[in-house]
Amino acid sequence: MLILWLQFLASAILIIAAGTKLTRSADTIAEHTGLGALWAGVFLLPLATSLPELVTSWRAAVILAPDLSVGNVFGSNMFNVAIIAIIDLTQGRGPLLTRVSQRHVFTAAVGIMLTCYVAIIMLVPTPVTVGWVGLNTLFLPVFYVLGNWLLTRFERRHAVEAATIDLSARERSLGKAIFWFMAAAAVIIVAGISLADSGDAIARETGLGQTLVGSFFIAITTSLPELVTTLTAVRMGVLDMAIGNIFGANLFNVLIIFFADLFYTGGSIMHVISGDHLVSAMMSVILTSIAVAGMIYRSQRSFVRLGFDSMAIVAGYVVAMILLFFA
């Protein structure tokens, strides 16, 4: 067990270091493109920070552990939203959601719709399959691409209108930023795999089921890149990148279910997973909806550094974990 804990700690340290570099590189790339911090958060960061979730869910599907695979997705999405409360608690400058663009509502809404779609096909999985992949699951990448296409058009229009960046002064650093972004992403992938493996081994020693292990232990470990990069973005003052990273990662995470179904060769993954995942799926929708309400209502009131929206998110996350434990 000591070796496993040392492996876990070493992987976490690597992710912290790489996540910090990843955020700074993404910010530089966003400035060069003129598309802004929100675009960097929604697209650039999730491409790298969600790779541990993708790799872990892929491995779980390959070894025929479907509940671990799907639990990792929805558990990560719940924890990612809970990061908002962690930021509120650590930065102490008032509720975070009152100081970010309301354009994040669009990304959050697309994520909610995709999650609800997955919840529906979990309740009523289609008997029709293409090979071993469920027909309904095949629509996930279509909906994901459509949502991101609309989001790209929306963000490009707003960002280009406000862009006042002197690209000539930054051209020499763009190549370096891209290099470090890719290098940091590679480190996160390797460390994320190690982190997930050690976390999975530690969790197995407890004798808990796949659903709880995937939704809690594995989900938190694979969400460390989102936590680190989001906190780093807040320290840099790019709050829109921080929130964009959360909702962008959650949007990508839902797409991972398609890949899990693709690599699970025991039939459609929707036919075999536990119904307990509906708890984590719908709780992720509720937590995201609370965040959306916080961005729209913009209440300045807080208690012990936590905005009321953050307090509701923490309460919802705790309730979800209790329900999964007793389930």
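Everything here concerns the structure above.
Bear in mind the structure is a predicted one, so any value in this text is a computation, not a measurement.

**Some thoughts on the overall build of the protein**
Next, step 1: Per the secondary structure count, the protein includes twelve helices and four strands.
Next, step 2: Within the protein, counting contacts between residues at least 6 apart in sequence, those at least 24 apart form 85% of the total.
Next, step 3: Accessible surface computed for the protein: about 13900 Å², of which carbon and sulfur atoms make up 71%.

**Focus on the packing of aromatic side chains**
Next, step 1: One pass over the structure, following the stated rule, counts eight aromatic pairs.
Next, step 2: When the ring of tryptophan 58 is compared with that of phenylalanine 263, the centres are 6.3 Å apart and the planes differ by 90°; the resulting orientation is edge-to-face. You can see tryptophan 58 sitting in helix 3 (residues 51-62) and its partner phenylalanine 263 sitting in helix 10 (residues 239-263), a full 205 residues away along the chain.
Next, step 3: Judged by its relative accessible area of 36%, phenylalanine 263 is partly exposed.
Next, step 4: On the basis of an interplanar angle of 90° and a centroid distance of 5.2 Å, the ring pair of tyrosine 117 and phenylalanine 143 is categorised as edge-to-face. Of the two residues, tyrosine 117 sits in helix 5 (residues 104-123) while phenylalanine 143 sits in helix 6 (residues 139-162), which places them 26 residues apart along the sequence.
Next, step 5: Aromatic rings pair up to connect Tyr117, Phe139 and Phe143 into one cluster.

**Focus on the layout of surface pockets**
Next, step 1: Looking at the second largest pocket, its volume works out to about 160 Å³.
Next, step 2: Contributing elements (two or more residues each) for the lining of the second largest pocket: helix 5 and helix 6.
Next, step 3: Of the residues forming the lining of the second largest pocket, the biggest block, five residues, is contributed by helix 5.
Next, step 4: For the lining of the second largest pocket, the per-class residue count stands at eight nonpolar, one polar and no charged.

**Looking at the environment of isoleucine 218**
Next, step 1: In this fold, isoleucine 218 is placed in helix 8 (residues 210-222).
Next, step 2: The spatial distance from the C-alpha of isoleucine 218 to the C-alpha of serine 69 is 9.5 Å, given a sequence separation of 149 residues.
Next, step 3: Apart from residues lying up to four places away in sequence, isoleucine 218 is in contact with Thr56, Leu68, Asn72, Ala196, Gly199, Asp200 and Val213.

**Looking at empty space enclosed by the protein**
Next, step 1: Evaluation of the coordinates by the stated rule reveals two cavities of 30 Å³ or more.
Next, step 2: Of the voids in this model, the largest cavity is the one considered here, and its volume is about 90 Å³.
Next, step 3: As for the largest cavity, its lining consists of 13 residues, and the residues nearest its centre are Gly111, Ile112, Thr115, Asn250 and Thr288.
Next, step 4: Quantified by volume, the second largest cavity comes out at close to 40 Å³.
Next, step 5: Contributing to the lining of the second largest cavity are Ile121, Pro125, Thr126, Gly134, Leu135, Asn136, Thr137, Ser268, Met270 and His271.
Next, step 6: In terms of residue class, the lining of the second largest cavity is built from four nonpolar, six polar and no charged.

**So, the nonpolar core**
Next, step 1: Within the largest apolar cluster, 46 residues are counted, with the highest numbers of intra-cluster contacts made by Met78, Ile84 and Ile243.
Next, step 2: Elements with a minimum of two residues in this core: helix 1 (2-33), helix 4 (66-91), helix 7 (171-206), helix 9 (224-236), helix 10, helix 11 (277-297) and helix 12 (308-326).
Next, step 3: Once residues lying within four places of it in the same chain are set aside, the contact partners of isoleucine 84 are Leu97, Ile243, Ile246, Ala291, Ser310 and Ile313.
Next, step 4: Counting residues in each nonpolar core, the second largest holds 25 residues, with Tyr117, Ile121, Ile256 and Met270 among its members.

**Quick look at a positive patch on the surface**
Next, step 1: Among the surface-exposed residues, Lys21, Arg24, Lys176 and Arg235 lie close enough to one another that they form a single positively charged patch.
Next, step 2: Topologically, arginine 24 is positioned in helix 1.
Next, step 3: Under the relative-accessibility criterion, arginine 24 is labelled partly exposed at 45%.

**Things to note about a nonpolar patch on the surface**
Next, step 1: A grouping of Val128, Val130, Leu135, Phe139, Val142 and Phe143 is seen on the molecular surface, where their side chains present a nonpolar patch of about 480 Å² in accessible area.
Next, step 2: In terms of residue count, helix 6 provides more of the nonpolar patch than any other element does, three residues in total.
Next, step 3: For valine 128, the location among the structural elements is in the loop between helix 5 and strand 1 (129-130).
Next, step 4: Taking relative accessible area as the criterion, valine 128 reaches 43% and is therefore assigned partly exposed.

**Concerning helix 10**
One turn of the α-helix equals 3.6 residues, which is why residues spaced by three or four share an orientation.
Next, step 1: Relative to the 36 Å expected for 25 residues at 1.5 Å per residue, helix 10 spans 36 Å between its end C-alpha atoms, a close match to the ideal helical length.
Next, step 2: Summarising burial for helix 10: 21 of the 25 residues are buried, a large majority.

**Things to note about the packing of helix 9 against helix 10**
Next, step 1: Relative orientation of the contacting elements helix 9 and helix 10 amounts to 160°, with a least axis distance of 7 Å. One way to sum up the angle between helix 9 and helix 10 is to call them roughly antiparallel. Relative to helix 10, helix 9 is oriented so that their crossing is left-handed. Each of Glu226, Thr229, Thr230, Ala233 and Val234 in helix 9 lies in contact with helix 10, whose residues at this interface are Leu239, Met241, Ala242, Asn245, Ile246 and Ala249.
Next, step 2: Here the contact of helix 9 with helix 10 is built from residues that sort into seven nonpolar, three polar and one charged.

Parameters and conventions
Residues numbered from 1 in each chain as written. Predicted model: local features only at pLDDT ≥ 70, side-chain atom pairs only at ≥ 80, totals over all residues. Heavy atoms only, no water. Helix = DSSP H or I, 4+ residues; strand = E, 2+ residues; numbered from the N terminus. Contact = heavy atoms within 4.5 Å. Areas by Shrake-Rupley, 256 points an atom, 1.4 Å probe, with all protein chains shown as cover. Phe/Tyr/Trp six-rings, centres within 6.5 Å; stacked < 30°, edge-to-face > 60°. Buried < 20%, exposed > 50% of the residue type's maximum accessible area, 1.4 Å probe, protein only. 1 Å grid on protein atoms, 1.4 Å probe; cavity = no way out; pocket = protein on both sides within 12 Å on 5 of 7 lines; lining within 4 Å. Points joined across faces, edges and corners; volume = space filled by probe spheres on them. Nonpolar A, V, L, I, M, F, W, Y, C, P; charged D, E, K, R; others polar. Core = buried A, V, L, I, M, F, W, Y, C linked by side-chain atoms within 4.5 Å. Patch = residues over 30% accessible without salt bridge, like charges linked within 9 Å, V, L, I, M, F, W, Y side chains within 5 Å. Salt bridge = Lys/Arg side-chain N within 4 Å of Asp/Glu carboxyl O. Lys, Arg positive; Asp, Glu negative; His and termini not counted. Charge placed at Lys NZ, Arg CZ, Asp CG, Glu CD. Expected span 1.5 Å × (residues − 1). Axes fitted to C-alpha atoms, helices over the stretch in contact; angles between N-to-C directions. Parallel < 35°, antiparallel > 145°, perpendicular 65-115°, else oblique. Left-handed = near helix turned anticlockwise from the far one by under 90°.

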